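# Topology and contacts: notes
Next come the chains, spelled out residue by residue.
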Amino acid sequence: MSISIGIHDLSFATSEFVLPHTALADYNGTEIGKYHVGIGQESMSVPAADEDIVTMAATAAAPILARHGKDRIRTVVFATESSIDQAKSAGIYVHSLIGLPSATRVVELKQACYGATAALQFAIGLVQRDPAQQVLVIASDVSKYELDSPGEATQGASAVAMLVSVDPALVRIEDPSGLFTADVMDFWRPNYLSTALVDGQESIGAYLQAVEGTWKDYSEQGGRALEEFAAFCYHQPFTKMAYKAHRHLLNYCGYDTDKDVIAGALGQTTAYNTVIGNSYTASVYLGLAALLDQADDLTGRPLAFLSYGSGSVAEFFAGTVVAGYQDHLRTEANLEAISRRKTVDYAGYRELHEWTFPTDGGDHATPEQTTGPFRLAGISGHKRIYQTR
Ligand code: CAA
C-alpha cells in the first residue's frame, strides 16, 4: 500500500513595502485598466534594502518550526532564481537563522519558477525512503526587471515555506506527474545581470506550449480527467496568465472556454498573487495558499497544479485536500503579511530598485528599514551579515 505524503504545513512571507500599480501608471502614463484588467495586477511587493530571499524565507519558515518543532527535519531544499551567491546555498543562512540542527542536509535548487516543484517532488522521494523524516521546502524570490521595461509591472517578492511529511494535514500529493521540457529563450538572467531578460510574447507562448505538453504527458501517464478537479493552481507571473493558461487547456481538450467556467476553475487562486506580484518559485504555492484560505470547503477534492519555469521545464500534477485541513491553515497570518506592508511612492520604489551593495569587499551597513524578525544588516569582506530581532 502506498503511503500518503504531501504538504503538512504552509506559511508565507512577503516584503516590507508595496507599490500600488496606480503609482506606476501615474508615473509612466499607462491606462490603469491595462494593469488591473489586462494583466490582473493591483500592487507589487517591494523588498526593503535590508531584506532579501533569505530574510523572507526565514520569516516564512519560523512559524512552521514553532508549530511542529525541528526534530524530524533532516533536509532543507531552497528553491530560487534570485540567488545571492553562486556557491553557498541561501538555505544555509536560513538553517542558521531558524536554528535547525547540524544533522541536516541543505541544498539550493534552480530551474526558474519551476524550482519549488522540483523541490517538492524530491522531498516526497526522500520522505518515501525514510517516512520518519520531514523535509522543509522553501521557495523564495524577488522578481526584478529593468525600470521602464514591460516586465516592470509584473515584479513582486515573497517566500513560501512548506513542510513535507507523511500523513499531511493539508494536501496529499499524487502520482502521476505530467512533465515537459523545451530549450527556449523566453526569460533568463545571465550571471552578470541583476534584472531578468524576457521576450514577453515568446514567454507567454512558451508557457502555453508547456501547458499542452504537461497535460498530454499527464493523460498518457493515466492521470485524472479534467472534470475531476475542484480548482487549478497555475504559476502566476501575472494573474491574467492563469486565465490564459486555463483557457488554452480547455481549448486543447476540446471544451468550451466560457469566462465564468474559467473563473470558477481558478477559484480564489489569484487572490494573493494579484497584490504581491510575481514571486517566481513561490507563485504557484501562493495560489494554493489563497485557495485553501478563501475557498469553500475543499475536503477530499482533487486540485490541479501547473508549475512553469522559463527556459523551460513544467509539471502538471494533482493533490487531494485532506479532511480537517481548515484547522491547520494560517489565514490570519497570511492576510497580516499582506496588509502590514507599507506603501511606497514611485520615487521611493525607484530608489529601492536601484539599491545595491558596493562590490569592493569593504564594510557596508544597510539602512534599517524592515520591521520583520530577520534582517540583512550589511556586508563585510564580501560576507552577508544577517540579524535576528
Ligand atoms: N484595459 C484593459 N486591458 C488592457 C488595456 C486597458 N486599458 N490596455 C491593454 N490591455 C491588455 C492587452 O489587451 C493585453 O491583453 P491580452 O494579453 O489578453 O491580449 C494585456 O493588457 C497586456 O498588454 P500588452 O501585451 O500590450 O502588454 P505588454 O506589451 O506591456 O507586456 C507582458 C505584457 C508581456 C506580460 C509583460 O509584462 C512582460 O514581459 N512580463 C514579464 C514576462 C512574463 O511574465 N511572462 C509570462 C510567461 S513566462 C513565466 O511565466 C515565467 C515567469 O514567471 C517570468
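Higher on the page you've got the structure.
Being a predicted model, the structure only gives us computed values, none of them experimental. (Residues numbered from 1 in each chain as written. Predicted model: local features only at pLDDT ≥ 70, side-chain atom pairs only at ≥ 80, totals over all residues. Heavy atoms only, no water.)

### Considerations on the pattern of salt bridges
This model, assessed by the stated rule, comprises 11 salt bridges. Among the salt bridges present, the one from glutamate 16 reaches arginine 340, with a minimum N-O distance of 3.3 Å. Of this pair, glutamate 16 sits in the loop between strand 1 (5-14) and strand 2 (17-20) while arginine 340 sits in the loop between helix 11 (331-339) and strand 15 (342-343), and the two are 324 residues apart along the sequence. Residue classification places glutamate 16 among the buried positions, given a relative accessible area of 0%. Its relative accessible area of 30% is what places arginine 340 among the partly exposed residues. Measuring nitrogen to oxygen at the nearest pair gives 2.9 Å for the salt bridge that ties arginine 384 to aspartate 52. (Salt bridge = Lys/Arg side-chain N within 4 Å of Asp/Glu carboxyl O. Helix = DSSP H or I, 4+ residues; strand = E, 2+ residues; numbered from the N terminus. Buried < 20%, exposed > 50% of the residue type's maximum accessible area, 1.4 Å probe, protein only.)

### A closer look at the pairing of strand 2
For strand 2 and strand 3 (residues 43-46), the ladder comprises four bridges, and the chain directions are antiparallel. Within the sheet, the bridge partner assigned to phenylalanine 17 lies in strand 3 and is valine 46. For strand 2 and strand 15, the ladder comprises two bridges, and the chain directions are parallel. Along strand 15, the bridge assignment pairs valine 18 with threonine 343. (Pairing = 2+ DSSP bridges.)

### Some remarks on the side chain of serine 43
Here serine 43 lies in strand 3. In this structure serine 43 touches Val18, Leu19, Pro20, His21, Thr274, Val275, Ile276, Gly277 and Arg341, once residues within four positions along its chain are discounted. (Contact = heavy atoms within 4.5 Å.)

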